[in-house]
Amino acid sequence: MNPLALSLILTTLLAGTLITMMSSHWLTAWMGLEMNMLTMIPILMKTTNPRSTEAATKYFMTQAMASMMLMMALTINLMYSGQWSITKMTNPVASNMALMALMTKLGSAPFHFWVPEVTQGVELVPGMILLTWQKLAPLSLLYQMATYTNTSLIYLSGLLSILIGGWGGLNQTQLRKILAYSSISHMGWMLIILPFNPTLTLLNLAIYITLTLSIFMILANTFTTSMSSLTLMWNKTPAMTIMLMATLLSLGGLPPLSGFMPKWLMIHELTKNNSIIMPLIMAIMTLLNMYFYMRLIYYSSLTILPSTNNMKMTWQFTNTKYTMTLPTLIILSNMLLPLTPMISMLE
């Protein structure tokens, strides 16, 4: 892609997200979402082939439908209340429609079907942007809507997301699809805690983005996209394999890694609000995710590539890919747990 065109596309993507995040007026927030969606399509089609074209078409159709549903909700709200304020949506029909539209944009269940297909159809870097940056704008709107949203709908979507995110990833061999189902599961955790403590949603989002960025950067660095190529990883880049192993365990939420912190604080918050059964169900369903993360660790670290050669280490070539931010991301992904008391005081 032309560097000038790429810089223009990335600037518009950044501007669209920031416009939505800083808006208190529904129309400007909607415009920001549209800018975001339209600039994402050329990013998804960075390398032109039938699969990326199909993925971009699926993305466009799903997001366009969600945008139309959101605009219809805003119009109904305007007819009944005469205002465009995000923090005041008095009509329940408009509120539920807007909530479903934003859930579709986020890719949470039962509006999740596009996420694995689109992620699998594109390259690793566009997939990384899709599963991290594209969550910011819809979640910032849900954060502002947290006071009046339909909690039953949020709980149903959250629990379904955690279940489908774990269940769907069990039988996958493609790493991008596994990370897409992982994203759906994490969206479920963020949605469920939203009515109780929206700040914890933002904390979970920040840690989820850090973990996902780390994993995608390691995979892009080693040109790994499937489980079969993951078995070659330990004898090419042993250090990267150890980093990937730790980050996957953190993504699963194991102590004493960073990924345990948001789950710990969320379960604490839910039990404080006399909700015992829901965090129990959430924790049990998250074990499905833990299973396929462990399977990835087993493939990358504990399996030997079948070959007749006794020497398993390959020749070490100089890596030409950019890895300057990776050490920082790995440290953030694995060593934030001691900061939990400070973060819980900031809520």
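Keep in mind the model is a prediction, meaning the values are calculated, not measured.

What counts and how
Residues numbered from 1 in each chain as written. Predicted model: local features only at pLDDT ≥ 70, side-chain atom pairs only at ≥ 80, totals over all residues. Heavy atoms only, no water. Helix = DSSP H or I, 4+ residues; strand = E, 2+ residues; numbered from the N terminus. Buried < 20%, exposed > 50% of the residue type's maximum accessible area, 1.4 Å probe, protein only. Contact = heavy atoms within 4.5 Å. Areas by Shrake-Rupley, 256 points an atom, 1.4 Å probe, with all protein chains shown as cover. Axes fitted to C-alpha atoms, helices over the stretch in contact; angles between N-to-C directions. Parallel < 35°, antiparallel > 145°, perpendicular 65-115°, else oblique. Left-handed = near helix turned anticlockwise from the far one by under 90°. Patch = residues over 30% accessible without salt bridge, like charges linked within 9 Å, V, L, I, M, F, W, Y side chains within 5 Å. Salt bridge = Lys/Arg side-chain N within 4 Å of Asp/Glu carboxyl O. UniProt positions renumbered as here; feature names shortened; annotations may be inferred.

Q: Looking at this structure, I do not really get the overall build of the protein. What am I missing?
A: Along the backbone of the protein there are 16 helices and zero strands. Projecting the C-alpha coordinates of the protein onto the three principal axes gives extents of approximately 75 × 50 × 35 Å. Across the 347 residues that make up the protein, the buried fraction comes to 53%. Relative to all contacts within the protein whose residues are 6 or more apart in sequence, the contacts with residues 24 or more apart total 78%. For the protein, the computed accessible surface area is about 15,800 Å², with 72% contributed by carbon and sulfur atoms.

Q: What exactly am I supposed to notice about the packing of helix H4 (residues 92-106) against helix H8 (residues 151-169) here?
A: The description of two helices packed together rests on the angle between their axes and the distance between the axes. Closest axis-to-axis distance for the H4/H8 pair is 11 Å, and the angle between their directions is 20 degrees. With respect to H8, the axis of H4 lies roughly parallel. At the point where H4 passes H8, the crossing takes the right-handed sense. On the side of H4, the interface is formed by Asn96, Leu99, Met100 and Met103, while H8 contributes Leu153, Ile154 and Ser157.

Q: I'm lost on a nonpolar patch on the surface in this one. Help?
A: Together, Leu14, Leu18, Met21 and Met22 make up a nonpolar patch on the protein surface, roughly 390 Å² of accessible area in all. Summarising the element assignment, Met21 is placed in helix H1 (residues 3-22).

Q: Sorry if this is basic, but what is going on with the UniProt feature "transmembrane region" (unreviewed entry) in the protein here?
A: Under the local residue numbering, the UniProt record ascribes the feature "transmembrane region" (unreviewed entry) to residues 64-81, 93-115, 152-171, 178-196, 202-225, 237-256, 276-298 and 319-337. Within the segment residues 93-115, helix and strand shares are 70% and 0% respectively, and the terminal C-alpha atoms sit 26 Å apart. Taken as a whole, residues 152-171 contains 90% helix and 0% strand, while its terminal C-alpha atoms sit 30 Å from one another.

Q: Is there a simple way to explain the UniProt feature "domain: NADH:quinone oxidoreductase/Mrp antiporter transmembrane" (unreviewed entry) in the protein in this structure?
A: The sites that carry the UniProt feature "domain: NADH:quinone oxidoreductase/Mrp antiporter transmembrane" (unreviewed entry) are, in the present numbering, residues 23-287. Secondary structure content for residues 23-287 is 74% helix and 0% strand, while the C-alpha to C-alpha distance between its ends is 38 Å.

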